[in-house]
Amino acid sequence: METDIKISIIMPMFNVEEYIFETIESVLVQTMENFELIVVDDNSSDRSCEIVSRYTERDDRLVLVRQLGKGVSSARNIGLGLAQGDYITFLDADDLLMPDSLEILYENAIKSKADIVVGHHNMFNAKSRELSWVFNAYPSLNISGEKTIYANRELLQLPYCWGKLYTRKLIKNIQFPEHISFGEDQVFISHAYLKANKILLIDAIIYDYRKREGQVTQSGYLTPEKYVSDVITVFNNVKENIEIYGSEFRKKETYIYYLNSYLIRNLFSCLTNGLLSDDTSIQRVVLNQYKEWIITLDSEIFKGIYKNLEDVNYSIEKMQSIFDVEIKKIYKELFDLVNQKWNETISLKFNDKPVITIRTLAYNVEQYISECIESVLNQSLSNFKWVILDNGSTDRTGDIIEQYALRDERIKFYRNEKNSIIYGQPNPPEFDAHFENLETEYWCLLDSDDYLHPDFLQELYVAAKKTNADIAVGGTEKFYEGNRQPREERLCPGLFMDDITRMGELFPSFYFMFSVYWGKLIKSSVLTELHEYRVKNSRFLKHADDTLFCLDLLKIAKSVVSIDKALHFYRIRATSYYHSKIDKERYLDYVRLYEESSELLRNWNQLSKQNSNFLVEKMYFSVVNCLEIISKSREMSMDEKVQNIQLMWANETMINAFQEKGITNHFYQETQKVLDEINTG
């Protein structure tokens, strides 16, 4: 056996004689043997020390250190000071390691050169053992690979120091806060996550967490005012860590995500313990602690957690029957405080700085553009900036826009001599600068032949601000030029998801509104990151770029809020670019979208049979639409049309998907119908 210590295991201990034998045995049977186990006893009054002492006599890899009741944080800090291993992990004295935990963690750390390796954990008791709920609640935690805390904020859902392997270099100067008794892990792990250059998430269960009554972390009801104080201190310490190590780009978003994760889980649970007590003095203290913390929140943080604050206040309101007059008065002050801060935060006035940038490219829409412009200028939210490009129109479109721009300074108007899409001419730099250097909080796109509901901006903006969502999306009403067909609503389910991967559960319901640029507000910081990603990786399509744009957006964004109401009106016209232009490679864009959508859902762990069938159907109908446009095209010769169809049938990805779905014969029939039309045309 090698004598050099690769891993130091740090284990605080207090009165665990019932479990310590099993815990130590789980360490001693490790397949990797060159470790040390540092046990720091915190003045146990049972036989815990006696049991560990016997082990130290038989195995020199075990070290026992004693301290006089200074708490778990002090015990872990002592362990950190004594650790000699290249890597460090933590183990609670009533939990267990899998037999190969150290080997798996160490091999992954060496191979990846990660600063932190994060594994999965079970939760168990005498009756059951199962994978922790957090991995079902946040499916992205099941996707292995390299992570960063800014791109993968869901790592904050694993706020425990255990279940991970750290380089000693990373955490040698990180201490557990010894002045708090609850949530100390969150301060430590947030510091480590933020400081790490590389975090590796692995798909392996390496830790068994024992659920038992009487654990320190489960005894908030004993001294509720202390625990509420500790939770608020933890919140503030995590904020300080983010301020020190955080990326300027994502500081507040990361902190808001963190608070939204633990307001209910930690603060409200401890707050409830105090409010449900029979002691008015305790009720007074915890309620005032909560109120004073809210006062300290700056406006952006407050906006980001407002929805959860509302939920907390509503839950407190339901307890009022047990409050006396004094406590009811304090609650009323709290309720009024939250409402006042929200009203001050969300106040929207015309003279305020614009909060939304709207982008529009217009081309030969003289009969529609006035309706479009009027719908924007009559929005109930008026502090926006609208950047419009007349993209080489040969009719009066540009002149109409210019007249509106002269009357309303919110419209920034630009012209292209020739259409940038048809002729490949670049847009005016001043026009693109509004996109590349956004100065507003949110951005949206509007097609020049569509129009908006009067509350489109207001409803989406308020929803986005309340939830701090990266994307706010509403429904649309599709209508045909000349009302050739009945109008049709396309609505998303009305909900908020702080983990965007959950969209996979309802993917078909959301797909339409995430196959188009328009109909949504996108947070500007997210849009900037998205634009850089697309430019760097040349992710653009000629015919279906709006859908690829949205798929890439879903990779970057972390949260979405949707409103089940038609706030946008989408015009279908036969002369639009989509319905009139074709080339022999257009169908390939739809095959690409099938592959990209499948990959996104696979990464989300959401590529169910239902979603897979849905994606095949979308590709099928898009390709059939290409066949219809080919048959009607006046720009393609008969030979070109036939050649285009032959290329479609030669595409293995598409045909294999159709075969698996059992719709190849349907596609053959559609093809034959088009060939007959071509031959008789």
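Residues numbered from 1 in each chain as written. Predicted model: local features only at pLDDT ≥ 70, side-chain atom pairs only at ≥ 80, totals over all residues. Heavy atoms only, no water.

Scanning the chain for helices and strands turns up 26 helices and 20 strands. Relative to its full complement of 681 residues, the chain shows a buried share of 57%. Counting only contacts in the chain whose residues sit at least 6 apart along the sequence, the fraction spanning at least 24 positions is 79%. Summing over all exposed atoms, the chain offers an accessible surface of approximately 30100 Å²; the carbon and sulfur share of this is 48%. Side chains of the chain give 78 positive and 102 negative charges; the mean places of these two sets differ by 2 Å. (Helix = DSSP H or I, 4+ residues; strand = E, 2+ residues; numbered from the N terminus. Buried < 20%, exposed > 50% of the residue type's maximum accessible area, 1.4 Å probe, protein only. Contact = heavy atoms within 4.5 Å. Areas by Shrake-Rupley, 256 points an atom, 1.4 Å probe, with all protein chains shown as cover. Lys, Arg positive; Asp, Glu negative; His and termini not counted. Charge placed at Lys NZ, Arg CZ, Asp CG, Glu CD.)

As a further point, take the UniProt feature "domain: Glycosyltransferase 2-like" (unreviewed entry) in the chain. Mapped onto this structure's residue numbering, the UniProt feature "domain: Glycosyltransferase 2-like" (unreviewed entry) falls at residues 8–162 and 361–490. Annotated as residues 8–162, this span is 30% helix and 25% strand, and its ends, taken at the C-alpha atoms, are 12 Å apart. (UniProt positions renumbered as here; feature names shortened; annotations may be inferred.)

The biggest cluster of nonpolar side chains holds 117 residues, and the ones touching the most others in it are Phe90, Ile171, Tyr193, Phe235, Tyr290, Trp293 and Ile316. No other element matches helix 9 (residues 251–275), which puts 12 residues into this core. Excluding residues that lie within four positions of it along the chain, phenylalanine 90 makes contacts with Ile10, Arg76, Leu80, Cys161, Trp162, Gly163, Tyr166, Ile171, Phe176, Phe188 and Tyr207. The next biggest cluster of nonpolar side chains, apart from the first, holds 65 residues, and it includes Leu551, Ala557, Tyr570 and Ile678. (Core = buried A, V, L, I, M, F, W, Y, C linked by side-chain atoms within 4.5 Å.)

Glancing now at a nonpolar patch on the surface. Where nonpolar side chains cluster on the molecular surface, the patch consists of Tyr363, Ile421, Ile422 and Tyr423 and spans about 420 Å² of accessible area. Topologically, isoleucine 421 is positioned in helix 15 (residues 420–423). (Patch = residues over 30% accessible without salt bridge, like charges linked within 9 Å, V, L, I, M, F, W, Y side chains within 5 Å. Salt bridge = Lys/Arg side-chain N within 4 Å of Asp/Glu carboxyl O.)

All of the buried residues along helix 1 (residues 20–28) are Ile20, Thr23, Ile24, Ser26 and Val27. Across the axial projection of helix 1, the buried residues extend over an arc of 155°, all falling on one side. Elements in contact with the buried residues of helix 1: strand 1 (7–13), strand 2 (35–41), helix 2 (48–58), strand 3 (62–66) and strand 5 (96–97). (Arc of directions from axis to C-beta.)

Once that is clear, we can look at the packing of helix 23 (residues 609–632) against helix 25 (residues 652–661). The interhelical angle for the contact between helix 23 and helix 25, taken along N-to-C directions, is 120°, at an axis separation of 10 Å. Taken as axis vectors, helix 23 and helix 25 run oblique relative to one another. Of the two possible hands of crossing, helix 23 and helix 25 adopt the one that is left-handed. When helix 23 is examined against helix 25, the residues Asn613, Val616, Glu617, Met619, Tyr620 and Val623 are found in contact with a partner set consisting of Met654, Ala657, Phe658 and Lys661. (Axes fitted to C-alpha atoms, helices over the stretch in contact; angles between N-to-C directions. Parallel < 35°, antiparallel > 145°, perpendicular 65-115°, else oblique. Left-handed = near helix turned anticlockwise from the far one by under 90°.)

Running from N to C, helix 9 and helix 11 (residues 299–317) point in directions that differ by 20°, and their axes come no closer than 9 Å. In terms of axis orientation, helix 9 runs roughly parallel to helix 11. Note that helix 9 runs across helix 11; the crossing there is right-handed. For the pair helix 9 and helix 11, contact is made by Lys252, Tyr255, Ile256, Leu259, Asn260, Leu263, Ile264, Phe268, Leu271 and Leu275 and by Glu300, Ile301, Gly304, Ile305, Asn308, Leu309, Val312, Ser315 and Ile316, respectively.

Next up on the list: the packing of aromatic side chains. Tallied over the entire structure, the rule returns 38 aromatic pairs. Between the aromatic rings of phenylalanine 90 and tyrosine 166, the centroid separation amounts to 5.9 Å while the plane-to-plane angle is 75°, which identifies the pairing as edge-to-face. Of this pair, phenylalanine 90 sits in strand 4 (residues 87–90) while tyrosine 166 sits in strand 9 (residues 164–167), placing them 76 residues apart in sequence. Residue phenylalanine 90 shares its accessibility class with tyrosine 166, and that shared class is buried. Ring geometry for tyrosine 255 and tyrosine 258: centres 6.3 Å apart, planes at 20°, overall stacked. Taken as a pair, tyrosine 255 and tyrosine 258 lie in helix 9 at a separation of 3 residues, close to a single helical turn. (Phe/Tyr/Trp six-rings, centres within 6.5 Å; stacked < 30°, edge-to-face > 60°.)

Let us now look at the side chain of asparagine 266. Its location among the elements puts asparagine 266 in helix 9. In this structure the side chain of asparagine 266 is engaged in a polar contact, spanning 2.6 Å, whose partner is the side chain of glutamine 186. Those residues in contact with asparagine 266 that sit more than four places away from it in its chain are Phe182, Gln186 and Val231. (Polar contact = N/O pair within 3.5 Å; in protein donor to acceptor, adjacent residues only side chain to side chain.)

Attention shifts here to the pattern of salt bridges. Inspection of the entire model under this criterion finds 41 salt bridges. With its nearest N and O atoms 3.4 Å apart, the salt bridge here joins glutamate 184 to arginine 76. Here glutamate 184 is found in helix 7 (residues 184–195), whereas its partner arginine 76 is found in helix 3 (residues 72–82), with 108 residues between them in sequence. The exposure class of glutamate 184 is buried, given its relative accessible area of 5%. Owing to a relative accessible area of 2%, arginine 76 belongs among the buried residues under this scheme. As a salt-bridge pair, glutamate 670 and lysine 673 come within 3.5 Å of each other at their nearest N and O atoms. Residue glutamate 670 and its partner lysine 673 are located together in helix 26 (residues 664–680), separated by 3 residues, close to a single helical turn.

Turning next to unusual backbone geometry. A positive phi is found at lysine 113, a non-glycine position, where the angle reads about 60°. With respect to the element layout, lysine 113 can be found in the loop between helix 4 (101–112) and strand 6 (116–124). Positive phi, close to 60°, is recorded for asparagine 605, a residue that is not glycine. Note on placement: asparagine 605 falls in the loop between helix 22 (586–603) and helix 23.

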